[in-house]
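Structural characterization, general
Chain by chain, the residues:
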Amino acid sequence: MRILSTFIVFLILVLHSCTKDSEIPNSWTYNPTPYLLEFPDEFPQMQIELANPLTVEGVQLGRRLYYDQLLHPAGMHACSECHLQQSSFSSSAEVLPHINLGWNSTFLWNGKISGTLEDIMQFEVDDFFHADMNRLEQDSLYPRLFFEAFGTETITSTYTARALAQFLRTVISSNARYDNVFLPGSGEFPTEEEQNGYDIFFSEKGDCFHCHGGILFTDNNFHNNGLDTQPSPIGRSAITGNPNDLGKFKSPTLRNIALTGPYMHDGRYTTLEEVIDFYSEGLKISPTIDPLMKQAHKGGIHLTGKEKSDLLAFLHTLTDTTFITNPAFNSPF
Amino acid sequence: MLRSTILLIFSLFLLTQCTKKDGSGTVTIQLDHSVAGNAFEVDQLKYACQAGHTYSIVNLKYYLSEIKLTDKHGQIISRGNIHLFDIQNPASASLNLDNIPDGDYTQLSFVFGLSEIQNVDGGLINTLENINMEWPIPGDQGYHYMKFEGRYDSLNTGIVRSFNIHTGATKGNQNYLEITLPIQTLILRDNNWTIHLQMDLNEWLQNPTTFDFVGHEAIMMDQSAQEIIKANGGTVFSIGSVKKT
């Protein structure tokens, strides 16, 4: 009996070794090249998971997966279908743009997922796409790409999520007109309209900056911005269960905001002009309205027509045309 | 032999004493918050202020900097901490002053907010938290010292409005506070201590001047309101317990 057991263990070991040798062709190499993330000094340091350092191979794999319908169990959809580069990786109200996500720690309009980019990508792979890893394993290319990126020929949803997270950490927008005309050093200057709009945006006149300020143009927090007298139950409160969170949704970044309409979590406003009108005259009071909406009792901040057009001109300075045409982010197919 | 043994023991004793003189410990500052002596609860419209309104506190963030301990000989120890308290981050309610040398400490002092050195654009480490505290008002620079936000029932009429007490430097005025508080003597001997620093939020709204939310919903560019808050800050802080931990 003991001899038989020993023989079986030995056989398993031999078979296991044979399998490994047969599945990893000699031409495959695992020698990943570190990927150096570049962004301006004004941006905060990005938190990168120790278990998932950026590599050229990992980023390329993530980009391919992002555009590949093979991730969908029926092969019908890809991430890029709803996240269009020309729309700053957005497409509709429900789809928050995939832009500068490396500085986020809560994801989706109500923060359903919190943690790292790996966490949200794991959710997207497993729970949103219900991705079938067998489809990737049976592909002629992916087993080698995963091996080159992660040193394993076994494709799991965890490695898939890691690759997507690596790609999305590189999807950085930091070269809008704003970055050139309002930050020192470029020698370029804003127009008078843009400067007036800047002054409204960054003062308590417009008071846009408390939720949409900083170099990322979002505070990454949740607010009831006065959309409804009956605050929505599908926002932050749906996650926390706290009635004080009714009507609260995540502040989206305003970088590339001119490209990401329609606006608000339910897409109720088609244009930026409508959004400015809302903040100017359309605010509605509710028990959970954010204290930052301090002019809500007057209906809004009451901008003149000129002030509205100046603010709009400023918002357009946040459009980064190099981002939406960057070949590093487009489809590899 | 006996003489050698005695000499050895005496030498060891001296060495032990030397080691003890180099002792140190951590002093933890625990930030406690109350409203007129009552426990502080977020988002509860139930507190009464001197101006006659019932109010709630929804958000609270502030910086403490230049935190110093002074011993009975007047020696000042600082660890250069710049601390951001955020009501949404419970871990931020305590901060550690590490490697504080043995001593008898009698005083805690700090800057509420940031002094001129740090309070410039880019003066703090570029973290997400610090970026969210920036003070981007055209013509000003630096960071919010405090975001104290809530709602108030105007003279208890049922009409609820918002207030934002945002303090910082404006129009060339620095507006930070220097706070010095005596503490029950903290005898640090190679051990750790906790000082409970208490902030009574209601005191921002009174003593010596009644702060009325009406007309002061937004005060970032209102230096006279900044001065009221700064003056009221003198009675906001007190020391609770000082305990060995």
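Residues numbered from 1 in each chain as written. Chains lettered and ligands numbered in written order. Predicted model: local features only at pLDDT ≥ 70, side-chain atom pairs only at ≥ 80, totals over all residues. Heavy atoms only, no water.

We now examine the domain arrangement of chain A. Frequently, the measure chosen for interface size is the accessible area that the parts lose on association. Residue and element names in this part refer to chain A. What the domain assignment reports for chain A is domain 1 (21-173) and domain 2 (177-317). The C-alpha centroid of domain 2 is placed 30 Å from the C-alpha centroid of domain 1. Counting from both sides, the interface comprises 25 residues of domain 1 and, opposite them, 23 residues of domain 2. Taking both sides of the interface into account, the surface hidden between domain 1 and domain 2 amounts to around 1900 Å²; carbon and sulfur atoms contribute 61%. (Domains from an automatic or database assignment. Contact = heavy atoms within 4.5 Å. Buried area = accessible area lost by both parts, 1.4 Å probe.)

All names here are of chain B. Secondary-structure assignment places D153 in strand β9 (residues 146-153). Although buried, D153 forms no salt bridge, and the nearest oppositely charged side chain, R161, lies 9.1 Å from it. Among the polar contacts listed, one links the side chain of D153 to the backbone nitrogen of G158, at a separation of 2.7 Å. Other than its neighbours up to four places away in sequence, D153 contacts L45, H53, T54, G158, I159 and V160. (Helix = DSSP H or I, 4+ residues; strand = E, 2+ residues; numbered from the N terminus. Buried < 20%, exposed > 50% of the residue type's maximum accessible area, 1.4 Å probe, protein only. Lys, Arg positive; Asp, Glu negative; His and termini not counted. Salt bridge = Lys/Arg side-chain N within 4 Å of Asp/Glu carboxyl O. Polar contact = N/O pair within 3.5 Å; in protein donor to acceptor, adjacent residues only side chain to side chain.)

Moving on, we get to the interface of chain B and chain A. With 27 residues of chain B at the interface, the matching set in chain A holds 32 residues. Contact with chain A buries surface across chain B, with N126, L128 and R151 of chain B losing the most and accounting together for 22% of the total. On the surface where chain B and chain A come into contact, there are 0 salt bridges. The tally of links between chain B and chain A comes to 13 residue pairs in polar contact (both at pLDDT 80 or more). Of all the elements in the fold, those that place two or more residues in the side of chain B that touches chain A are α2 (128-131), β9 and β10 (160-167) of chain B. When residues in the side of chain B that touches chain A are grouped by element, the largest group, 5 residues, is from β10 of chain B. Considered class by class, the residues forming the side of chain B that touches chain A number 11 nonpolar, 9 polar and 7 charged. (Nonpolar A, V, L, I, M, F, W, Y, C, P; charged D, E, K, R; others polar.)

So, on to the pattern of salt bridges. Close approach of charged atoms lets side chains of opposite charge pair. Residues and elements named next belong to chain A. All chains considered together, the criterion is met by 18 salt bridges over all chains. For the salt bridge of K205 with E307, the shortest nitrogen-to-oxygen distance reads 3.3 Å. Note that K205 is positioned in the loop between α9 (192-201) and α10 (209-212) and E307 in helix α13 (residues 305-316), a separation of 102 residues in sequence. Between K306 and D310 there is a salt bridge whose closest N-O contact spans 2.8 Å. Highlighted residues: K306 and D310, both in helix α13, separated by 4 residues, approximately one helical turn. Here the salt bridges share partners, and the residues they tie into one network are E204, D207 and K294.

Residues and elements named next belong to chain A. Roughly 720 Å³ of volume is contained in the second largest pocket. Every residue lining the second largest pocket is counted, 35 residues in all, and those nearest its centre are H83, L96, H98, L108 and E124. Elements with a contribution of two residues or more to the lining of the second largest pocket: α3 (79-82), β1 (106-107) and α4 (117-128). At 5 residues, α4 tops the list of elements feeding residues into the lining of the second largest pocket. Broken down by class, the residue content of the lining of the second largest pocket amounts to 19 nonpolar, 11 polar and 5 charged. (1 Å grid on protein atoms, 1.4 Å probe; cavity = no way out; pocket = protein on both sides within 12 Å on 5 of 7 lines; lining within 4 Å. Points joined across faces, edges and corners; volume = space filled by probe spheres on them.)

Before going further, it helps to spend a moment on the packing of aromatic side chains. Residues and elements named next belong to chain A. Under the definition given, this model contains 44 aromatic pairs over all chains. Judged by centre distance (6.3 Å) and plane angle (40°), the rings of F146 and F150 are tilted. In this pair, F146 and F150 are both assigned in helix α6 (residues 142-150), 4 residues apart and thus about one turn of the helix distant. If you follow R64 out to its NZ or CZ, it ends over the ring of Y142, 5.7 Å from the centre. Sitting over the face of the ring of F107, K250 holds its NZ or CZ atom 5.7 Å from the ring centroid. (Phe/Tyr/Trp six-rings, centres within 6.5 Å; stacked < 30°, edge-to-face > 60°. Lys NZ or Arg CZ within 6 Å of the ring centre and 35° of its normal.)

Bringing the confidence of the model for chain A into the picture now. For chain A, the mean per-residue pLDDT works out to 93, and 93% of the residues sit at or above 70. Confidence drops under pLDDT 50 across residues 1-21 of chain A; counting only partners more than four residues distant or on other chains, this segment forms 1 contact. (pLDDT = per-residue confidence, 0-100.)

In this section: helix α7 (residues 157-170) of chain A. All names here are of chain A. Here α7 contains 14 residues, and its C-alpha end-to-end distance of 20 Å stays within 8% of the 20 Å for a straight helix at 1.5 Å per residue. For α7, the tally of buried residues reaches 11 of 14 residues, placing the bulk of the element in the interior. For α7, every residue scored as buried is listed here: S157, T160, A161, A163, L164, A165, Q166, F167, L168, R169 and T170. On the buried face of α7, the contacting elements are α2 (56-67), α4, α5 (133-137) and α6. (Expected span 1.5 Å × (residues − 1).)

Among the nonpolar cores identified, the biggest contains 82 residues, and Y178, F201 and F314 of chain A are the most heavily contacted of them. Here this core gathers at least three residues from each of two domains, domain 1 (21-173) and domain 2 (177-317) of chain A. When sequence neighbours within four positions are dropped, the list of residues in contact with F201 of chain A reads D207, C208, F209, H212, F217, L254, L311, F314 and L315 of chain A. One finds Y55, L60, I179 and I195 of chain B within the second-largest nonpolar core, a separate group that totals 52 residues. (Core = buried A, V, L, I, M, F, W, Y, C linked by side-chain atoms within 4.5 Å.)

Our next topic: the state of the cysteines. As enumerated under the stated definition, the model contains 0 disulfides over all chains in all. Of all cysteine sulfurs in the structure, the one in C79 of chain A sits closest to C82 of chain A, which takes part in no disulfide; the separation is 9.0 Å. (Disulfide = S-S within 2.5 Å.)

With that settled, consider the pairing of strand β1 (residues 24-35) of chain B. Residues and elements named next belong to chain B. Most of β1 is tucked away: 9 of the 12 residues are buried. Here 6 bridges tie β1 to strand β7 (residues 94-101), and the two strands are oriented antiparallel to one another. If you follow T28 over to β7, its bridge partner there is N96. The pairing of β1 with strand β12 (residues 193-200) spans 8 bridges and is parallel. Paired with T28 across the strands is T194, a residue of β12. Direction of pairing for β1 relative to strand β2 (residues 38-39): antiparallel, over a ladder of 2 bridges. (Pairing = 2+ DSSP bridges.)

Residues and elements named next belong to chain A. Of all the residues in α4, the buried ones are L117, E118, I120, M121, F123, E124 and V125. Buried residues in α4 make contact with β1, β2 (113-114), α5 and α7. Among the residues trailing α4, H130 stands out with phi positive, at a value near 50°.

All names here are of chain B. With respect to the helices and strands, the residue W135 is situated in the loop between α2 and β9. Note: C-alpha distance between W135 and V120 (15 residues apart in sequence) is 9.4 Å. Setting aside anything within four residues of it in sequence, one finds W135 in contact with D140, Q141, G142, Y143, H144, H166, T167, G168, A169, T170, M220 and Q226.

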